[in-house]
Amino acid sequence: MPETTIAHVRYRTVYDSRGIETLEVDVITEKGFGRAAAPFGAPGSRGEFEAPAYARGGLRESMAILEKTVIPSLIGMDAAEQEKIDDLLQRIDGTPNFEKIGGNTAAVLSTAVGAAAADSLKIPLFKWFRRDEGWTLPYPLGNIIGGGAHSLGPAPDMQEHLIVPIGAKTVRQAIEINLRIHDRVGKLLEKKDPGFAGGTDDENAWAANLNDVEALQIIKEAADRISDEEGVAIGMGLDLAADRFWDPAGGVYRYDREGASRTARQQLDFLGELIVRFNLVYVEDGFNSNDYDSFSLLNRNFGDRCLICADDVYASNHERTKTGIGKGSAGAMIIKPNQVGTITGAKRTVSLARSHGMKIILSHRSGETPDDSIAHLSVAWNALMIKTGVKGGERLAKLNELIRIEQDFEGIRLIEWGTASPVNRA
Ligand code: PGA
Ligand code: ZN
């Protein structure tokens, strides 16, 4: 029997970084072991078009399906046959978007199968996910000030105010710069806001009583200083997660903290102003997930200086990505394996996006565990960035894994930032 034959599959619930129960799976082969645990997006931030996390009846129902149907069919299969196993998961589910067993259920199985195959064959996970050479390390995209669905109390309307050290030479240097900026912003907030008591959001970004422009100003102050000290260029960015504050009935984005509302047209102008004023290199989900056309306008106007990134709008989904590519809606996209359900499904979307010159960003979810598989995927799939927060054990688990890969494999270097090339503009 090959060493990669699946002998057992065990599952349990463990707790994620929000203290919410999540699914963990162990795949045990003749010669190896693979484990994966599911992350979870926040209600109000999870995309409308992503695979539902679990079966309609919730996590318990998914576990019952695992026990009764999925695990018995996996025993005796070859973990090295990732595509065949992912195909089987798709067939057992029987819906296009894992509505029956859930995207989290499929994603942990798919990932644990890959991890078990790599372990059985004694090769690093990233080398298993992509057999031929050409691996690269991604830039860490760091969340510094949070808001939206990831925060409690008065906080910015946009979900994430981000930085990326685009001039860094190594992954370690980039991670250190992000940590320094995070610290520096904490000190600035303490000085400027008498009510600030060091609170953080779901991803350990600072939770501060600011509007979005004020948040960007403080980050800029910190980033300029650290950039001068380190001699490294640092870019700033945003994830608006705009679905959360889009009011379809009123046809406006409601900025409650700021006390403003903006139509799609005004949102386009506002984002353009922010891109110019703060030299933003990255804007994710600037519009609601049904408005491909506004994405396209933003990408057409600013795609040559700023990566316009699709998260909830493409939802890692092949069809939605194809539609977006046809309209030139984005120069970059977020990949979250549990949005689509399997490693093979995510890889298919990545291939499509890359063949149209788009940049890939592997991403965590706001609810996380120390599972570090997205770090390996980011190396395997030449992601330009990995979005996994700055602080907290569950975030650093991924970043520390990149540090190890950088140390252990001399030829694997930080990917070229290049310019935010004007890709995929219709
Ligand atoms: P989520 O947010 O994990 O809560 O969905 C992350 C994101 O929108 O990028
Ligand atoms: Zn997002």
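Residues numbered from 1 in each chain as written. Chains lettered and ligands numbered in written order. Predicted model: local features only at pLDDT ≥ 70, side-chain atom pairs only at ≥ 80, totals over all residues. Heavy atoms only, no water.

Chemist: What should I look at first to understand the sheet that holds strand β1 (residues 6–15) in this one?
Modeler: What links the strands of a sheet is backbone hydrogen bonding, and the strands pair in either a parallel or an antiparallel sense. Pairing is antiparallel in the open sheet, where three strands are placed in the order β1-β2-β3. The sheet is open, and its two edges are formed by β1 and β3 (33–37), each paired on a single side. Within this sheet the neighbouring strands show an average axis-to-axis angle of 15°, counted without direction. Pairing analysis gives nine bridges linking β1 to strand β2 (residues 21–29), with the strands arranged antiparallel. Paired with Val 14 across the two strands is Thr 22, which belongs to β2. (Pairing = 2+ DSSP bridges. Helix = DSSP H or I, 4+ residues; strand = E, 2+ residues; numbered from the N terminus. Axes fitted to C-alpha atoms, helices over the stretch in contact; angles between N-to-C directions.)

Chemist: Where do I start with the coordination of the zinc ion (ligand 2) in this structure?
Modeler: Ideal donor angles around a metal are set by the shape: a four-donor tetrahedron calls for 109.5 degrees, a six-donor octahedron for 90 or 180 degrees. In the first shell of the zinc ion (ligand 2), the protein supplies Asp 239 (OD), Glu 284 (OE) and Asp 311 (OD), at 2.0 to 2.3 Å from the metal. Along the chain, the residues donating to the zinc ion (ligand 2) are arranged with the sequence spacing D-x44-E-x26-D. Linking Asp 239 in strand β7 (residues 235–239) with Asp 311 in the loop between β12 (307–310) and α9 (318–327), this pair joins segments that are 72 residues apart in sequence. Comparing Asp 239 with Asp 311, the two get one shared label, buried. (Donors = N, O, S within 2.8 Å, 3.2 Å for Na, K, Ca; no water. Buried < 20%, exposed > 50% of the residue type's maximum accessible area, 1.4 Å probe, protein only.)

Chemist: So what exactly am I meant to see when it comes to the site of ligand 1 here?
Modeler: With respect to spatial proximity, 14 residues lie near ligand 1, and among them Ala 42, Ser 45, His 150, Arg 365 and Ser 366 are the closest. Note that an oxygen atom of ligand 1 is positioned 2.8 Å from one of the side-chain N or O atoms of His 150. Ser 366 places a side-chain nitrogen or oxygen 2.6 Å from an oxygen atom of ligand 1. About the coverage of ligand 1: the protein hides 100% of its 280 Å² of free accessible area. Of the residues assigned to the shell around ligand 1, the class counts are one nonpolar, five polar and eight charged. Each of two domains, domain 1 (6–123) and domain 2 (139–408), supplies a minimum of three residues to the shell around ligand 1. (Near = heavy atom within 4 Å. Polar contact = N/O pair within 3.5 Å; in protein donor to acceptor, adjacent residues only side chain to side chain. Areas by Shrake-Rupley, 256 points an atom, 1.4 Å probe, with all protein chains shown as cover. Nonpolar A, V, L, I, M, F, W, Y, C, P; charged D, E, K, R; others polar. Domains from an automatic or database assignment.)

Chemist: Where do I start with the environment of Ala 64 in this structure?
Modeler: Note on placement: Ala 64 falls in helix α1 (residues 59–74). Given a relative accessible area of 43%, Ala 64 falls into the partly exposed group. Spatially, the C-alpha atom of Ala 64 lies 9.7 Å from that of Ile 101, the residues being 37 residues apart in sequence.

Chemist: I would appreciate a short explanation of the side chain of Glu 406 in the present structure.
Modeler: Assignment of secondary structure puts Glu 406 in helix α13 (residues 393–408). No salt bridge forms around the buried Glu 406; measuring N to O, its nearest opposite-charge neighbour Arg 172 is 5.6 Å away. (Lys, Arg positive; Asp, Glu negative; His and termini not counted. Salt bridge = Lys/Arg side-chain N within 4 Å of Asp/Glu carboxyl O.)

Chemist: Would you take a moment to explain the environment of Ile 412 for this structure?
Modeler: Along the chain, Ile 412 falls in the segment after α13. Sequence separation between Ile 412 and Leu 137 is 275 residues; the distance between their C-alpha atoms is 6.7 Å.

Chemist: Looking at this model, I keep getting lost on the domain arrangement of the protein chain. Mind explaining?
Modeler: A common way to report how large an interface is uses the accessible area buried once the components associate. Segmenting the protein chain into domains produces domain 1 (6–123) and domain 2 (139–408). Taken over C-alpha atoms, the centre of domain 1 sits 27 Å from the centre of domain 2. Taken together, the contact between domain 1 and domain 2 spans 33 residues of the former and 28 residues of the latter. Counting across the interface, domain 1 meets domain 2 through two salt bridges. Summed over the shared surface of domain 1 and domain 2, the result is 14 residue pairs in polar contact (both at pLDDT 80 or more). (Contact = heavy atoms within 4.5 Å.)

Chemist: Hey, could you run me through the pattern of salt bridges in this one?
Modeler: When the charged atoms of two side chains with opposite charge come close together, those side chains can pair. Counting across every chain of the model gives 29 salt bridges. In this structure, the salt-bridge partner of Glu 81 is Lys 84, at a minimum N-O distance of 3.5 Å. Judged by its relative accessible area of 34%, Glu 81 falls in the partly exposed class. On the basis of relative accessibility, which here comes to 48%, the residue Lys 84 falls in the partly exposed class.

Chemist: Would you mind going over the nonpolar core with me for this structure?
Modeler: If you look at soluble globular proteins, the nonpolar side chains tend to sit buried side by side. Core analysis: the largest hydrophobic core is formed by 135 residues, its most contacted members being Ile 181, Val 185, Leu 280, Tyr 282 and Met 385. For this core, the leading source of residues is helix α3 (residues 103–120), giving nine residues. There are two domains that each give this core at least three residues, and those are domain 1 (6–123) and domain 2 (139–408). In this structure Leu 280 touches Leu 216, Met 236, Gly 237, Leu 238, Leu 274, Ile 275, Arg 305 and Cys 306, once residues within four positions along its chain are discounted. (Core = buried A, V, L, I, M, F, W, Y, C linked by side-chain atoms within 4.5 Å.)

Chemist: Even after reading the chapter, I still don't get the packing of aromatic side chains, so can you show me in this structure?
Modeler: In this description, an aromatic ring pair is defined by two values, namely the gap between the centres and the angle between the planes. Tallied over the entire structure, the rule returns twelve aromatic pairs. Where Phe 245 meets Tyr 255, the ring centres are 4.8 Å apart and the plane angle is 70°; that geometry is what we call edge-to-face. Taken together, the residues Phe 245 in the loop between β7 and β8 (246–247) and Tyr 255 in strand β9 (residues 252–255) connect sequence positions ten residues apart. By relative accessible area, which is 0% here, Tyr 255 ends up buried. Following the ring pairs from residue to residue traces out a cluster consisting of Phe 245, Trp 246, Tyr 253, Tyr 255, Phe 270, Phe 287 and Phe 295. The lysine or arginine in question, Arg 46, covers the ring of Phe 40, its NZ or CZ lying 5.3 Å from the ring centre. Over the ring of Phe 49 we find Arg 320, and its NZ or CZ is 3.4 Å from the ring centre. (Phe/Tyr/Trp six-rings, centres within 6.5 Å; stacked < 30°, edge-to-face > 60°. Lys NZ or Arg CZ within 6 Å of the ring centre and 35° of its normal.)

Chemist: Help me understand α3 in this model?
Modeler: Residues three or four positions apart in an α-helix share a direction because the helix packs 3.6 residues into each turn. Helix length check: α3, at 18 residues, gives a terminal C-alpha distance of 26 Å against a target of 26 Å (1.5 Å per residue), a fit within 8%. Counting buried residues in α3 gives 17 out of 18 residues, a clear majority hidden from the surface. With its phi angle positive at about 55°, Lys 122 sits one or two positions after the end of α3. (Expected span 1.5 Å × (residues − 1).)

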